[in-house]
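Topology and contacts: notes
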Amino acid sequence: MAGAPLAEPGQRLLARVVDTLIVGLPVIIVVRALASGPALDVIAPPAVAGCMLLYESIQLALWGRTLGKRFAGIEVVVTLPAGDERPTGEAGGGGPLGVPRAVLRAAVYSLPIAARPIPVLGLLAGIFWVANAGLLFEGDSRQALHDRLAGTVVVKRPPTDSSAF
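Residues numbered from 1 in each chain as written. Predicted model: local features only at pLDDT ≥ 70, side-chain atom pairs only at ≥ 80, totals over all residues. Heavy atoms only, no water.

A few points about the layout of surface pockets
Where we set the bar: Cavity and pocket criteria rest on a 1 Å grid covering protein atoms alone: a 1.4 Å probe that fits but cannot get out defines a cavity, protein on both sides within 12 Å along at least 5 of 7 lines defines an open pocket, and an atom within 4 Å of a point defines a lining residue. Grid points are joined across faces, edges and corners, and a volume is the space filled by probe spheres set on the points. A run of DSSP states H or I qualifies as a helix once it reaches four residues; a run of E qualifies as a strand once it reaches two. Both are numbered from the N-terminal end. Amino acids are sorted into nonpolar (Ala, Val, Leu, Ile, Met, Phe, Trp, Tyr, Cys and Pro), charged (Asp, Glu, Lys and Arg) and polar (every other residue, Gly among them).
For the largest pocket, the calculated volume is near 580 Å³. Along the walls of the largest pocket sit 26 residues, with Leu13, Arg16, Thr20, Tyr109 and Trp129 positioned nearest its centre. Of all the secondary-structure elements, those providing two or more residues to the lining of the largest pocket are helix H1 (9–34), helix H2 (38–63), helix H4 (99–114) and helix H5 (119–134). By residue class, the composition of the lining of the largest pocket is 17 nonpolar, four polar and five charged.

See the structure below:
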């Protein structure tokens, strides 16, 4: 995967929407069955955030991509050390990120979701998401904050790759 082209922001958005629907809809259906009214507004965001954290961490650690990223034709890979901006996997083949890197990347994105019910933190979470998306357009590496902290980039996956999960 060394030298693979970086994913387009639209591909990343598509992947995030698909992943959010895959995780969010079932969680909201279950939470709605268990709670209602104001309790729903307090319980749902942390429930979605926790499930999103598990969903993304596990898939990125094992395969370097989630179902949404598979659908969008992209994957997350580790950047080369010493400032080399060409993406690669830890073993040089664009493979799994490993557990610590995958959890860190997923946590930076998921935890602000859990903060939504707390008024000031909810506002800060909204600002964070705007700034996080804006970082994709700063520099040549198209790295959001969760990418920068975890040392990853998101690249296009060759369409001829037919590897299974």
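A word on the packing of H4 against H5
Quick reminder of the rule: Lines fitted to the C-alpha atoms define the axes, with helices restricted to the stretch that makes contact. Angles between their N-to-C directions range from 0 to 180 degrees. Any angle that is under 35 degrees is reported as roughly parallel, and any over 145 degrees as roughly antiparallel; angles of 65 to 115 degrees are reported as roughly perpendicular and all others as oblique. For any helix crossing, the convention is left-handed if the near helix is rotated counterclockwise from the far helix by under a right angle, and right-handed if that rotation is clockwise. Any two residues having at least one pair of non-hydrogen atoms within 4.5 Å are treated as being in contact.
Running from N to C, H4 and H5 point in directions that differ by 150°, and their axes come no closer than 9 Å. When the interaxial angle is binned, H4 and H5 end up roughly antiparallel. For the element pair H4 and H5, the recorded crossing hand is left-handed. Contact residues: H4 offers Val108, Tyr109, Pro112 and Ile113, while H5 offers Ala125, Phe128, Trp129 and Asn132. In the contact of H4 with H5, the residues fall into seven nonpolar, one polar and no charged.

Description of the nonpolar core
We count it as follows: Grouping buried Ala, Val, Leu, Ile, Met, Phe, Trp, Tyr and Cys residues that are joined through side-chain atoms within 4.5 Å yields what is termed a nonpolar core. Buried means the residue's accessible area, taken with a 1.4 Å probe over protein chains only, is under 20% of the maximum for its type, while exposed means over 50%, and partly exposed covers the values in between.
Ala7, Ala15, Leu60, Ala61, Ala72, Ile74, Val76, Val78, Leu97, Ala102 and Val154 form the largest nonpolar core, which has 11 residues in total. When contributions to this core are tallied by element, the ones reaching two or more residues are H2 and strand S1 (74–79). For this core, the leading source of residues is S1, giving three residues. Core analysis: the next-biggest nonpolar cluster, separate from the first, contains 10 residues, Val27, Val48, Ala49 and Ile113 among them.

Description of the side chain of Thr152
One can find Thr152 in strand S3 (residues 152–156). Thr152 gets classed as buried once you look at its relative accessible area, which sits at 0%. Filtering out sequence-adjacent residues up to four positions away, Thr152 remains in contact with Val76, Val77, Val78, Thr79, Leu97, Arg101, Arg105, Gln143, His146 and Asp147.

Considerations on the environment of Leu136
Along the chain, the position of Leu136 falls in the loop between H5 and helix H6 (145–150). C-alpha separation for the pair Leu136 and Pro9, spaced 127 residues apart in sequence, amounts to 7.3 Å. The contact partners of Leu136, leaving out residues within four places of it in the chain, are Arg12, Arg142, Gln143 and Ala144.

Describing the pattern of salt bridges
For clarity, the threshold we go by: Note on definitions: salt bridges are taken to be side-chain nitrogens of Lys or Arg within 4 Å of carboxyl oxygens of Asp or Glu.
If you walk through the whole model with that rule in mind, you get eight salt bridges. Close ionic contact of Glu56 with Arg16 constitutes a salt bridge, the shortest N to O distance being 2.8 Å. One end of the pair, Glu56, is in helix H2; the other, Arg16, is in helix H1, and 40 residues separate them in sequence. For Glu56, a relative accessible area of 0% puts it in the buried group. A residue is classified by how much of its surface remains accessible, and Arg16, at 12% relative accessible area, is buried. A salt bridge links Asp147 to Arg105, with the shortest nitrogen-to-oxygen separation between them at 2.7 Å. Of this pair, Asp147 sits in helix H6 while Arg105 sits in helix H4, and the two are 42 residues apart along the sequence. What makes Asp147 buried here is its relative accessible area of 0%. Judged by its relative accessible area of 0%, Arg105 is buried. Here the salt bridges do not stand alone but share partners, grouping Arg12, Arg16, Glu56, Arg105 and Asp147 into one network.

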